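Fold and contact review
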Amino acid sequence: MTDSDLLSRHRAVLPDWLALYYSEPIEIVRAQGRRVTDSLGRTYLDFFAGILTNAIGYDVREISDAVRAQLDTGVLHTSTLYLIRRQVELAERIAELSGIPGAKVFFTNSGTEANETALMLATQYRRSNQVLALRNSYHGRAFATVGVTGNRGWSASALSPVKVSYVHGGYRYRGPFAGLSDADYVAACVDDLRDVLATTTSGDVAALIAEPIQGVGGFNVPPDGLLGAFKEVLDEHGILLISDEVQTGWGRTGEHFWGIEAHGVTPDVMTFAKGLGNGLAIGGVVARGEVMDCLGANSISTFGGNPVATAGAKATLDYLLDNDLQGNAAKLGDRIIAGLRDLGDRYGVVGDVRGKGLMIGVELVEPGGTEPSPPAAGVVLEETKARGLLVGKGGLHNNVIRLAPPMTLTDEEAGEALDILGEAIAVADEER
Ligand code: PLP
């Protein structure tokens, strides 16, 4: 059942290209902990954390109190023309956490806007509009970000203002380097990077933008160290490394606070959003000071870093760190990945289980081979929902189930989700 009146009104006035999950889409009207309730009174365990936005779950008193206290001052918004205490405090924390020497922070309202800003900074700093990106990447839905998005689903890239060249290194399960050992894969990708640089660019390139683990592309985990090996090549040319941490930041990958740390390298620029606001609209860029300051313009952001969003974000960051949610993500992520690999041994429809921390992908295939099975992913999406579990879907072939619950997840909830996923995967396997 769905609210068909609301659905038809939605379809009438919102764009066709705005994806809606489920044959019968739901409206979420209440939420608490890791559970959300729809307008028809059904409750679900949310294993996608909104869309990796609700890093610490729903209805968290510390966050509500911080936001309410700001609302109670009557100051909802002032703009960057004035000093905003919470913005300065949050910037100080993020600059320090970034590990980037002399870092400066600029706040935006989304991940897209953060990446647009990062690309603008890099292209200005380097006086070049040539950019490198990974195949199968996703960086946002605005003009430059859609251009560096290396996924055929976003074909508007042809119109982008950046000149982009794509390199391998994102999606390892398929493609010419599938099946190689970690070391051989890194070597092959580095060779590819050198070749792409030499053959498709003038060499005078602004930046390489990369997600340490691809999100929309299907939670693809490259070998540790790959981006570090890339950075050595980039440094030969003065090319900047932009790490898009919109999904991988804030400890979600378990072993590190930022995804890039697995690569043993400090980027020149990092972008972030999603989990920081625990649902509030906030994103940003943290960059080496000289890169951040290269614009020389007298610019503003009307809403970026506003007092309400930064108050909520600061409370979220405190909560994440005080409660070691990164550690929880590591522990429960290992448990879920192991449970899913057991399912993979039992069901041929599971082609690959991969992930780090609470960022876990299950790639579904036609049993007996590796051909992508979008229908199987569709079955798992519907069958988990029918059993009270919300999951994500994505990947180049739309055949990857994406699991990214709030990082406050409990052991019991992890078990509950594994049971439901087992049942849903069994149905998908049976049907193929
Ligand atoms: N970068 C990455 C890695 C993302 O996953 C996303 C969104 O999914 C974005 C950028 C764009 O962020 P937003 O949707 O907040 O504009």
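Quantities reported herein were computed from a predicted structural model and do not represent experimental measurements.

Digging into the overall build of the chain
- Looking only at helices and strands, the chain has 13 helices and 15 strands in total.
- At 21 Å, the chain has a C-alpha radius of gyration in line with the 22 Å of a compact globule built from 432 residues.
- Across its three principal axes, the chain shows a C-alpha extent of roughly 60 × 55 × 45 Å.
- The proportion of buried residues among the 432 residues of the chain is 53%.
- Nonlocal contacts in the chain, meaning residues at least 24 apart in sequence, comprise 74% of its contacts between residues at least 6 apart.

A short note on the sheet that holds strand S13 (residues 389-390)
- Strands sit in the order S1-S2-S3-S13 across an open sheet of 4 strands; the sheet is mixed. Two strands bound the open sheet, and with one partner strand each, they are strand S1 (28-32) and S13.
- Examined bridge by bridge, S1 and strand S2 (residues 35-38) share 4 bridges and lie antiparallel to one another. Opposite Ile28, over in S2, you have Asp38 as the bridge partner.

Description of the site of the ligand
- The ligand sits among 15 residues. The nearest are Ser110, Gly111, Thr112, Gly215 and Val246.
- For the shell around the ligand, the per-class residue count stands at 4 nonpolar, 9 polar and 2 charged.

Topic: the packing of helix H4 (residues 85-98) against helix H10 (residues 307-322)
- Here H4 crosses H10 at 40 degrees, and the two axes come no closer than 9 Å. H10 is crossed by H4, and the crossing has left-handed handedness. Counted together, Arg86, Gln87, Glu89, Leu90 and Arg93 of H4 and Pro307, Thr310, Ala311, Ala313, Lys314 and Leu317 of H10 form the full contact between these two elements.

Considerations on unusual backbone geometry
- Even without glycine at this site, Arg127 takes up a positive phi of about 50 degrees.
- Looking at the secondary structure, you find Arg127 in the loop between helix H5 (111-126) and strand S5 (130-134).
- With phi around 35 degrees, Lys274 is a residue other than glycine that occupies positive phi space.
- Mapped onto the elements of the fold, Lys274 is located in the loop between strand S9 (269-272) and strand S10 (283-288).
- C-beta crowding within 10 Å serves as the criterion here: with 27 such atoms nearby, Lys274 is assigned to the buried category.

Overview of the pairing of strand S7 (residues 207-210)
- Residues Ala207 and Ile209 of S7 are buried on one face, and the alternating residues Leu208 and Ala210, pointing to the opposite face, are buried as well.
- In the sheet, S7 pairs with strand S8 (residues 240-244) via 4 bridges, with the strands oriented parallel. Its bridge partner being in S8, Leu208 is matched across the sheet by Leu241.
- Regarding the hand of the β-α-β motif, the stretch spanning S7, helix H8 (residues 226-237) and S8 is right-handed.

Description of the sheet that holds strand S11 (residues 350-356)
- What the 4 strands build is an open sheet, ordered S11-S12-S15-S14; its pairing is antiparallel. The sheet terminates laterally at S11 and strand S14 (392-394), the two strands that pair on one side only. On average, adjacent strands in this sheet sit at an angle of 25 degrees to one another, irrespective of strand direction.
- With respect to the sheet, helix H11 (residues 325-346) is in contact with S11, strand S12 (359-364) and strand S15 (400-403), its orientation differing from that of S11 by roughly 170 degrees.

So, the environment of Arg30
- Topologically, Arg30 is positioned in strand S1.
- As a C-alpha pair, Arg30 and Gly225 span 195 residues in sequence and 42 Å in three-dimensional space.

Looking at the environment of Gly150
- The topology assignment puts Gly150 in the loop between helix H6 (143-148) and strand S6 (163-167).
- For Gly150, a count of 24 C-beta atoms within 10 Å puts it in the buried group.
- Sequence-distant contacts of Gly150, defined by excluding residues within four places in its chain, comprise Ala133, Leu134, Arg135, Asn136, Ser137 and Tyr166.

Re the pairing of S5
- Among the 5 residues in S5, 5 count as buried, and that is most of the element.
- Taking every second residue as pointing to the same face, both faces of S5 are buried, with Gln130, Leu132 and Leu134 on one and Val131 and Ala133 on the other.
- Note: S5 against S6, 5 bridges, orientation parallel. Residue pairing in the sheet places Leu132 in a bridge with Ser165 of S6.
- Of the strand pairs in this sheet, S5 and S7 are connected by 3 bridges, and their pairing is parallel. The residue of S7 that forms the bridge with Leu132 is Leu208.

Observations concerning the confidence of the model for the chain
- Here the chain shows a mean pLDDT of 96. Residues at 70 or above account for 99%.
- The ipTM, which scores confidence in the relative placement of chains, is 0.99 for this predicted complex, and the corresponding pTM is 0.98.

What about H8?
- With 12 residues, H8 should reach 16 Å at 1.5 Å per residue; the first-to-last C-alpha distance of 18 Å fits that figure.
- Buried within H8 we find Leu226, Leu227, Phe230, Lys231 and Leu234. All buried residues of H8 project into a common sector of 125 degrees when viewed along the axis, lining one side. Opposite its buried face, H8 presents the exposed residues Glu232, Asp235 and Glu236, each directed more than 90 degrees away.

Notes on the environment of Ser299
- By the secondary structure assignment, Ser299 is in the loop between helix H9 (289-292) and H10.
- C-alpha separation for the pair Ser299 and Leu81, spaced 218 residues apart in sequence, amounts to 9.4 Å.

Points about the packing of helix H3 (residues 61-72) against H10
- Packing of H3 against H10 brings their axes to within 8 Å, and their N-to-C directions diverge by 155 degrees. One finds that H3 runs roughly antiparallel with respect to H10. As for the relative orientation of H3 and H10, their crossing is right-handed in sense. In this structure, H3 uses Glu62, Ile63, Ala66, Val67, Gln70 and Leu71 to contact H10, whose residues at the interface are Pro307, Val308, Ala311, Gly312, Lys314, Ala315, Thr316 and Tyr319.

Reading guide: rules and limits
- Sequence positions are assigned chain by chain, starting from 1 and proceeding in written order.
- For a predicted model such as this one, the threshold for reporting local features is a pLDDT of at least 70, and the threshold for listing and counting side-chain atom pairs is 80 or more; totals across whole chains, interfaces and linings nevertheless cover every residue.
- By the criteria applied, helices consist of DSSP H or I runs no shorter than four residues and strands consist of E runs no shorter than two, each listed in order from the N terminus.
- Just to be clear, the radius of gyration here is over C-alpha atoms, and the globule rule we use is 2.2 Å times residues to the power 0.38.
- Remark: C-beta atoms are placed from the backbone, and a residue is labelled buried if 20 or more other C-beta atoms sit within 10 Å of its own, exposed if 12 or fewer do, or partly exposed between those counts.
- Contacts here follow a simple rule: the backbone-placed C-beta atoms of the two residues must lie within 7 Å.
- Strand pairing is defined by DSSP finding a minimum of two bridges between the two strands.
- Each residue gets a C-beta atom placed from its backbone. Should that atom fall within 6 Å of a molecule or strand, the residue is termed near it.
- For this classification, the nonpolar set comprises Ala, Val, Leu, Ile, Met, Phe, Trp, Tyr, Cys and Pro, the charged set comprises Asp, Glu, Lys and Arg, and every other residue, Gly included, is treated as polar.
- A fitted line through C-alpha atoms serves as each axis, taken over the contacting stretch for helices, and the angle formed by two N-to-C directions is quoted from 0 to 180°.
- Crossings are classed by handedness, with left-handed meaning an anticlockwise turn of the near helix from the far one by less than a right angle and right-handed meaning a clockwise turn.
- For crossovers, right-handed means that the path from the first strand over the helix to the second runs clockwise, given strands pointing away from the viewer.
- Per residue, pLDDT captures the predictor's confidence, and it can take any value from 0 to 100.
- For a helix, the expected span equals 1.5 Å multiplied by the number of residues minus one.
- What the arc describes is the spread of directions from the helix axis to the C-beta atoms.
- Note on terminology: angles under 35 degrees are roughly parallel, angles over 145 are roughly antiparallel, angles of 65 to 115 are roughly perpendicular, and the others are oblique.

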